[in-house]
Amino acid sequence: MDNNLAVVYLSIVVAILAFAVVSVFREIFKTRRLESSLSKLRKKLDKEKGTTQEYYELACIYSEKKLYTQAIALFQKALKAAEEESEESVAPIYNGLGYTYFAQEQYDLAIRQYKEALKNKPDYVVALNNLAHAYERKKLTSQALQTYEEALKFAPNNATAKRRAESLRRLVSA
């Protein structure tokens, strides 16, 4: 009996360790891939002018690394490049720019960028969720609720919008 118990405990410990090792290696590979992309894009953009997509990708990497000042500059370069290339799908760029402002708690600037994204693509659910979240942070509850409900019109199964809208409805009715 004691031997079986020891085997069970050992199996549990091995399973936990295996899970931890897999998780660590996944993070290592993700970080290496991110750093590799960062290095390639930076080298290319140091040598020559980049495309809208390259500036956008590099800005996203900087944003993910919480280097917001550099990310903002690159998002703005992406917008300028998009204008020069007559690129029409600039909504993700404005959304990314809004996110960087939001992360720095500059909610008014974030709201402005999210609205620009929605001007370019009115059914952009991610920007709607982000705009609503910014409204929440500014304590503009009714606007946040209205924006989440608009997101639900385009994506009825949007879990974030459902959860937040329900929470805000209770708050408004209380």
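Thresholds, definitions, all that
- Residues numbered from 1 in each chain as written.
- Predicted model: local features only at pLDDT ≥ 70, side-chain atom pairs only at ≥ 80, totals over all residues.
- Heavy atoms only, no water.
- Helix = DSSP H or I, 4+ residues; strand = E, 2+ residues; numbered from the N terminus.
- Buried < 20%, exposed > 50% of the residue type's maximum accessible area, 1.4 Å probe, protein only.
- Contact = heavy atoms within 4.5 Å.
- Areas by Shrake-Rupley, 256 points an atom, 1.4 Å probe, with all protein chains shown as cover.
- Lys, Arg positive; Asp, Glu negative; His and termini not counted.
- Charge placed at Lys NZ, Arg CZ, Asp CG, Glu CD.
- Expected span 1.5 Å × (residues − 1).
- Axes fitted to C-alpha atoms, helices over the stretch in contact; angles between N-to-C directions.
- Parallel < 35°, antiparallel > 145°, perpendicular 65-115°, else oblique.
- Left-handed = near helix turned anticlockwise from the far one by under 90°.
- Nonpolar A, V, L, I, M, F, W, Y, C, P; charged D, E, K, R; others polar.

### A short note on the overall build of the chain
Part 1 of the argument: Secondary structure summary: the chain contains eight helices and zero strands in total.
Part 2 of the argument: For the chain, the succession of helices and strands along the chain, N to C, is α-α-α-α-α-α-α-α.
Part 3 of the argument: Projected onto its principal axes, the C-alpha positions of the chain cover 70 × 60 × 25 Å.
Part 4 of the argument: A buried classification covers 34% of the 174 residues belonging to the chain.
Part 5 of the argument: Excluding contacts between residues fewer than 6 apart, the proportion of contacts in the chain whose partners are at least 24 apart in sequence is 42%.
Part 6 of the argument: Just so you have it, the chain exposes about 11,400 Å², and 55% of that area is on carbon and sulfur atoms.
Part 7 of the argument: Positive and negative charge centroids in the chain, built from 27 and 21 side chains respectively, lie 3 Å apart.

### Things to note about helix H6 (residues 125–137)
Part 1 of the argument: Given a rise of 1.5 Å per residue, 13 residues ought to cover 18 Å, and the 18 Å separating the end C-alpha atoms of H6 matches this to within 8%.
Part 2 of the argument: Along its buried surface, H6 packs onto helix H4 (91–103), helix H5 (107–120), helix H7 (141–154) and helix H8 (159–173).
Part 3 of the argument: Just downstream of H6, Lys 139 is the residue with a positive phi angle, here 65°.

### Describing the environment of Val 172
Part 1 of the argument: In this structure, Val 172 sits in helix H8.
Part 2 of the argument: With a relative accessible area of 49%, Val 172 lands in the partly exposed category.
Part 3 of the argument: Once the C-alpha coordinates of Val 172 and Ser 142 are considered, the two residues, 30 residues apart in sequence, prove to be 7.5 Å apart.
Part 4 of the argument: What Val 172 contacts, discounting residues up to four positions off in sequence, is Thr 141 and Leu 145.

### Things to note about helix H2 (residues 52–64)
Part 1 of the argument: A rise of 1.5 Å per residue sets the reference length of H2, with its 13 residues, at 18 Å; its end C-alpha atoms lie 18 Å apart and thus fit the reference within 8%.
Part 2 of the argument: When H2 is considered as a whole, its buried residues turn out to be Thr 52, Glu 54, Tyr 55, Leu 58, Ala 59, Ile 61, Tyr 62 and Ser 63.
Part 3 of the argument: Where H2 ends, the next residue or the one after it, Lys 66, has phi of about 65°, a positive value.

### A closer look at the packing of H2 against H4
Part 1 of the argument: One way to put it is that H2 packs onto H4 with a least axis distance of 11 Å and a crossing angle of 25°. When the interaxial angle is binned, H2 and H4 end up roughly parallel. Crossing of H2 over H4 shows left-handed handedness. Of the residues in H4, those touching H2 at Thr 52, Tyr 56 and Ser 63 are Pro 92, Ile 93, Tyr 99 and Thr 100.
Part 2 of the argument: Across the contact of H2 with H4, the residue classes tally to four nonpolar, three polar and no charged.

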